[in-house]
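Spelled out, the chains give:
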Amino acid sequence: MSIAEGTRPRHVPDRLASRPARILRSWELLLTVIAILIFLANTQASPYFLDPWNLSDATFNFTEKAMIAFAMALLIIAGEIDLSVAGIIALASTAMGWALQYGAGMPVLVLIGLGVGLVCGAFNGLLVTRLGLPSIVVTIGTMSLFRGISYIVLGDQAFNGYPSDFAFFGRGYVFWVISFELVLFAVLAVIYGVVLHATNFGRQIYAIGNNATAATFSGIRVARVKMILFLLTGLMSGIAAICLTARLGSTRPSIAFAWELEVVTMVVLGGVSILGGAGSILGVVIAALIMGMVTFGLGLLNVPGIVMSIFIGALLIGVIALPRLIRLVRTGKAA
Amino acid sequence: MEDGRTIAGPVLRLEGITKRFPGVTALSGVELELHEGQVTALIGENGAGKSTLVKILTGIYQPDEGHIEVDGTTTRFPTATAAQEAGVTAIHQETVLFDELTVAENIFLGHAPRGRFGLMDWSRMRAEAREILTRIGAKLDPMAPLRDLGIASKHLVAIARALSVDARVVVMDEPTASLSQAEIEELYELVERLKSEGKAILFISHKFDEIFRIADRYTVFRDGEMVDAGMMEDVTEDALVTKMVGRSMDAIFPARTSSPGEEILRVAGYSHPTEFADIGFGLRRGEILGFYGLVGAGRSELMQALFGVTTPSKGAVKIDGKVAVIRSPAEAISRGIVYVPEDRGKQGAITAMPIFQNVTLPSLTQTSRNGFVQMADEFALARRYTERLDLRAASLDQAVGNLSGGNQQKVVIAKWLATRPKVIILDEPTKGIDVGSKAAVHEFMAELAAEGLSVIMVSSEIPEILGMSDRVIVMRDGRIAAELDRDGLTPEQLVRAAAGYEETAA
C-alpha cells in the first residue's frame, strides 16, 4: 500500500511531449498551412495580388474586425460572448458625428469614441455579472438597442466632414505601405497575446471558461474578470469605430452592419472554443489574415459579395469539421 | 429465509450480485428477496452499496456476477425499460422531473398513451393521470405545470410516475429525506395502500423510527456485503445499529498523538435562512475536527458558508480572535481558510486544465512577477506539493481529468496547501477514491495536523470519523445535535445522534 511506498516520492516529469511535437499537433499550424495555400492560390488567380499597395489595401479588410476579435477571443474563452460590438461601433460613430456638429476636434472625437465603447461595455457587463443574465441574450438585445439609437439620431442622414487629423486613424500610413491600422493591429495582437498567455489574468480567463464554479472555489473573482472583459470588448469596439469612421469619413447608422458575425467567425476559425476554455491569440491573428486574404482575393476576381460570404461560411465549417473528420476516419467515432 | 411466514416465494430475488468499479468493489455477492405485499427495509451506512443495488434493480448498472430472479425465473435487466417491463419501478432520492411539463406529462413521460397517427392521446392521459393521483391520495390537477408545485407535491408526482407503469416491485430510495412530518405521514399511508395492493416494496432509509413503523423485513448492507436479513419483529433497534456499523476496523488509520494548541477559529450563532441554524464551535491549532451527519444535515452548506461561497444571514466568525467577514472564497483564502469540496469534478478541480495550473491557480501571486506568469516557478510549486502527496501522474502537464479520483483529490489538496492555509476544510475527502489513495489522504491529514494546520473533516463514513478526529460534531437538520470527544466514542453514539434516535435504555 502507498503508505509504505509514500516516503519515496515518485518522479513525475514536468512535461511529456516535446515542444516540436506540440507545435506539430497544433491548430495554429493547420491554420498557417491553409493561409499559405490561400496566399498561393491568390498569386495564381490574379497578377495584381502581389502588388505592395494592393496587399496594403487588403489589410483594411480585417484590421478593424481583428481588433475587436482579440477582445472577443478573451471573452469567448471565458465562456461569454458579446454580439453587440457592431452596435457599439454604430453608436460610438454616431456620437462622434454628433459631437462633430458642435465643432469637436480630433482629441475630443477620440475620447468620445473610446468613452462610448467603455460605457456600452459596462452596460453589457453589468447586466451579465450583476443580474446574472446570459450574455448571448443581453448582447442580442443591446445589439439592436445601440444601433437603434443611431437610427433614431440619424434616420437616413449621415454625418460628414471629419477633420483631416482625425482621418489619419483610418487612412494614415506610418511607413511606406504600412498603415496606422496595420501597426495598431500588430501592437494589439502582441498586447492581447501577452495578456492571455503570459499573465495571471489570462490564466484566470482560461480557468473561468473551463469551469466557472471551480474557478470561484479557487478564489478567482469571476464577476470582476468578466466585467473587465466586457469593458475591453467595448473599448476595442470604440477603437474600431474611430478607425472605421476615420477611414470612411462619414457616419451612417448602417455602419459596420453585421460585423459581429464576422468577428465571431474570425475568433472561432482561430481555434477558440465556442464553449469556452481554449484558444490562442496567434490562432485569431492567422484567422484574420486568412479572412482578409480570401475577401481580397475574391474581390480581385470580381466575385460578388454574397459569394464571398458563402466561401467564408464554407471555410469555417470545413476547418472546424476537419479534425473531427480525421478522427472519424481513423477511429470510426466522431467524438 | 426459512421462517415459514411467507406463503409464496419472493417476487424478486437477487443472488450473489457483485459489482466492481475501477478501484472499488461496490457490491460483493449480495442477496436480497422482496415479497408480495411486504416492505423490506434496506439499511446501511453511506457507501454500503445501497444506491448501486438500486441501480442494478432498475437496469442502470449491470452486475458483474450473480443473477436476478423474477417469480423464480432468472432474468436480466439490460436497460431501464427492461426493468420497468419486468415490473420494477423506483422512486429516487433526487427525483428527475421536468419543471416545464405538466403533472400528467411528467407522469407519462416516455410511455404516454398514443392515439391515432401516433399522436398523444391527451384525454386518455389526463384521465389515467387523475386515476393514479387519486389512487395515491394526491389532490393534484393533472394539467398543472410542475413548476407551480412544492417539493412534497413533486414527490407525489414522482411516486405517481413510478406507479404509472404496472409495477409489482417498488423501490423507494430515502423517500422521506426532503419531506415534512405531515407529508411523511401521508407517505406512510401510501406505503400501506401499496402493500395492500400486493406490491413488494424495497424501502431505503436511515431513519430507524420509520423503518420500525412500516417495514416487515430488513436487510443490512455493510461495505458492499449483505451482513444480515430477517423479520423486523425479531430484531431491536440496538441490534440493527450494531449490525449496520459493527465492523472489523479493516481500514488502518495513522496513529496520532494530538496536542491541539490555541483556538484559531471560533464560530458563533451562525445561521443561514434555509440550510443551517445557530451553529457554534471552536477549532484549535493542529486539531482535526470531524463533522458527522446524514446526507442533507447541512454540513456541506455550513462549510461552504464558512468558505464564502454562500453568505449566512446571521452569526460571527473569528479567526485568531479577530472578527472576520467572509463574503467570497477569495476573502476566505486570504484569511487562511480553504475548502476541498465534495464534488471534485465540478467544484474542486478544473479537469480540462493541466495539473500544475490547477495547483497554482489560487497562488498565482506566488508564482508570478508583476502579474506575469513564471512557468518555472509554477512547476516548482506544483512539484513541491504534489510530491508530498505522492501524486501518481504521467507528467505535471497532464490534464487533471485523466487522473484517477484519488489522484484528482491529491491535486485539489495540493492546490490548497500551496496557499499555506491555517484551516483546511475537507468535505468527504475520501469519497469515491480507492483504498490506497484513501490511506495516503488519511496519512497526510495526520501529518498536516501534526505540523499545526487545523483540519475540519466532513465525513459520512463512521470509521473515518472515528479514526481521524480529535473531536466530533454531529449535525442533524441543520443544527448541531451533539459534540462528542474522541475518547470512548462508539459508532452507535454517532448513528443515534445523527438519526435523532435516543437510546431507549437511557
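How each quantity is defined
Residues numbered from 1 in each chain as written. Chains lettered and ligands numbered in written order. Predicted model: local features only at pLDDT ≥ 70, side-chain atom pairs only at ≥ 80, totals over all residues. Heavy atoms only, no water. Helix = DSSP H or I, 4+ residues; strand = E, 2+ residues; numbered from the N terminus. Buried < 20%, exposed > 50% of the residue type's maximum accessible area, 1.4 Å probe, protein only. Areas by Shrake-Rupley, 256 points an atom, 1.4 Å probe, with all protein chains shown as cover. Lys, Arg positive; Asp, Glu negative; His and termini not counted. Charge placed at Lys NZ, Arg CZ, Asp CG, Glu CD. Pairing = 2+ DSSP bridges. Axes fitted to C-alpha atoms, helices over the stretch in contact; angles between N-to-C directions. Parallel < 35°, antiparallel > 145°, perpendicular 65-115°, else oblique. Contact = heavy atoms within 4.5 Å. Nonpolar A, V, L, I, M, F, W, Y, C, P; charged D, E, K, R; others polar. Buried area = accessible area lost by both parts, 1.4 Å probe. Salt bridge = Lys/Arg side-chain N within 4 Å of Asp/Glu carboxyl O. Polar contact = N/O pair within 3.5 Å; in protein donor to acceptor, adjacent residues only side chain to side chain. Phe/Tyr/Trp six-rings, centres within 6.5 Å; stacked < 30°, edge-to-face > 60°. Domains from an automatic or database assignment.

(A) Region of interest: the overall build of chain A. Within chain A one finds 16 helices and 4 strands. For chain A, the spread of C-alpha atoms along the three principal axes comes to 80 × 55 × 35 Å. In chain A, buried positions account for 49% of the 335 residues. As displayed, chain A offers around 15,400 Å² of accessible surface, 70% of which is attributable to carbon and sulfur atoms. Put simply, chain A has 20 plus and 13 minus side-chain charges, and the middle of one group is 14 Å from the middle of the other.

(B) Spotlight on the pairing of strand β19 (residues 423–427) of chain B. Residues and elements named next belong to chain B. With 5 of 5 residues buried, β19 is to be regarded as a mostly interior element. Neither face of β19 is exposed, since Val423, Ile425 and Asp427 on one face and Ile424 and Leu426 on the opposite face are all buried. Pairing analysis gives 4 bridges linking strand β16 (residues 337–340) to β19, with the strands arranged parallel. Across the sheet, residue Val340 finds its bridge partner in β19, namely Leu426. Pairing between β19 and strand β20 (residues 454–458): 5 bridges, direction parallel. Within β20, the position partnered with Val423 by the bridge is Ser454.

(C) Focus on the packing of helix α11 (residues 200–210) of chain A against helix α13 (residues 222–248) of chain A. All names here are of chain A. The N-to-C vectors of α11 and α13 enclose an angle of 110 degrees; their axes lie 11 Å apart at closest approach. By the criterion of interaxial angle, the relationship of α11 to α13 is roughly perpendicular. Residues Phe201, Gln204, Ile205 and Ile208 of α11 form the contact with α13, whose own contacting residues are Val222, Val225, Lys226, Ile228 and Leu229. Classifying every residue of the contact of α11 with α13 gives 7 nonpolar, 1 polar and 1 charged.

(D) Structural detail: the interface of chain A and chain B. Opposite the 32 residues of chain A that make contact, chain B presents 49 residues. For the pair chain A and chain B, the summed buried area comes to about 3,300 Å², and 58% of that belongs to carbon and sulfur atoms. Per-residue buried area on chain A facing chain B is highest for Asn200(A), Arg203(A) and Phe217(A); these three make up 25% of the total on that side. Summed over the shared surface of chain A and chain B, the number is 1 salt bridge. Here Arg203(A) makes a salt bridge to Glu378(B), at a shortest N to O gap of 2.5 Å. The tally of links from chain A across to chain B stands at 8 residue pairs in polar contact (both at pLDDT 80 or more). For the side of chain A that touches chain B, the elements supplying multiple residues, two or more each, are α1 (2–5), α10 (180–198), α11 and α12 (212–217) of chain A. Take the side of chain A that touches chain B: its biggest share by element is 6 residues, from α11(A). A class-by-class count of the residues in the side of chain A that touches chain B yields 14 nonpolar, 12 polar and 6 charged.

(E) View of the packing of aromatic side chains. Residue and element names in this part refer to chain A. Evaluated as defined, the whole model comprises 20 aromatic pairs over all chains. Both rings, one in Tyr162 and one in Phe166, keep their centres 5.2 Å apart while their planes meet at 25 degrees; by these two values the pair is stacked. Grouping residues by exposure puts Tyr162 and Phe166 together as buried. Ring centres of Phe166 and Phe169 lie 6.0 Å apart, and the angle between their planes is 75 degrees; on these two criteria the pair is classed as edge-to-face. Linking Phe166 with Phe169, this pair stays in helix α9 (residues 164–171), spanning 3 residues, or about one helical turn. As far as burial versus exposure is concerned, Phe166 and Phe169 are alike and both buried. Every member of this aromatic cluster is reached through a ring pair, and the members are Tyr162, Phe166, Phe168, Phe169 and Phe180.

(F) Quick look at the domain arrangement of chain B. All names here are of chain B. For chain B, the assigned domains are domain 1 (12–245) and domain 2 (263–499). Placing a centre on the C-alpha atoms of domain 1 and another on those of domain 2 gives a separation of 34 Å. Each side of the interface is counted separately: domain 1 has 10 residues, and domain 2 has 12 residues. Where domain 1 abuts domain 2, roughly 980 Å² becomes buried across the two surfaces, and 63% of that area is made up of carbon and sulfur atoms. Run the count over domain 1 and domain 2 and you get 0 salt bridges. The biggest single contributor to the side of domain 1 that touches domain 2 is helix α8 (residues 237–245), with 5 residues. Residue classes in the side of domain 1 that touches domain 2 are distributed as 4 nonpolar, 4 polar and 2 charged.

(G) Inspection of the pattern of salt bridges at higher detail. Residue and element names in this part refer to chain B. Under the criterion given, the structure shown has 30 salt bridges over all chains. Two residues, Glu69 and Arg13, come together in a salt bridge whose shortest N-O distance is 3.3 Å. Of this pair, Glu69 sits in strand β4 (residues 65–70) while Arg13 sits in strand β1 (residues 12–21); the two residues are 56 residues apart in sequence, bridging distant segments of the chain. According to the relative accessible area criterion, Arg13 is partly exposed, its value standing at 22%. For the salt bridge of Glu331 with Arg327, the shortest nitrogen-to-oxygen distance reads 2.9 Å. Using a relative accessible area of 15% as the deciding quantity, one classes Glu331 as buried. The exposed category is assigned to Arg327, whose relative accessible area is 55%. What you see here is one network of salt bridges that share partners, running through Arg13, Glu15, Glu33 and Glu69.

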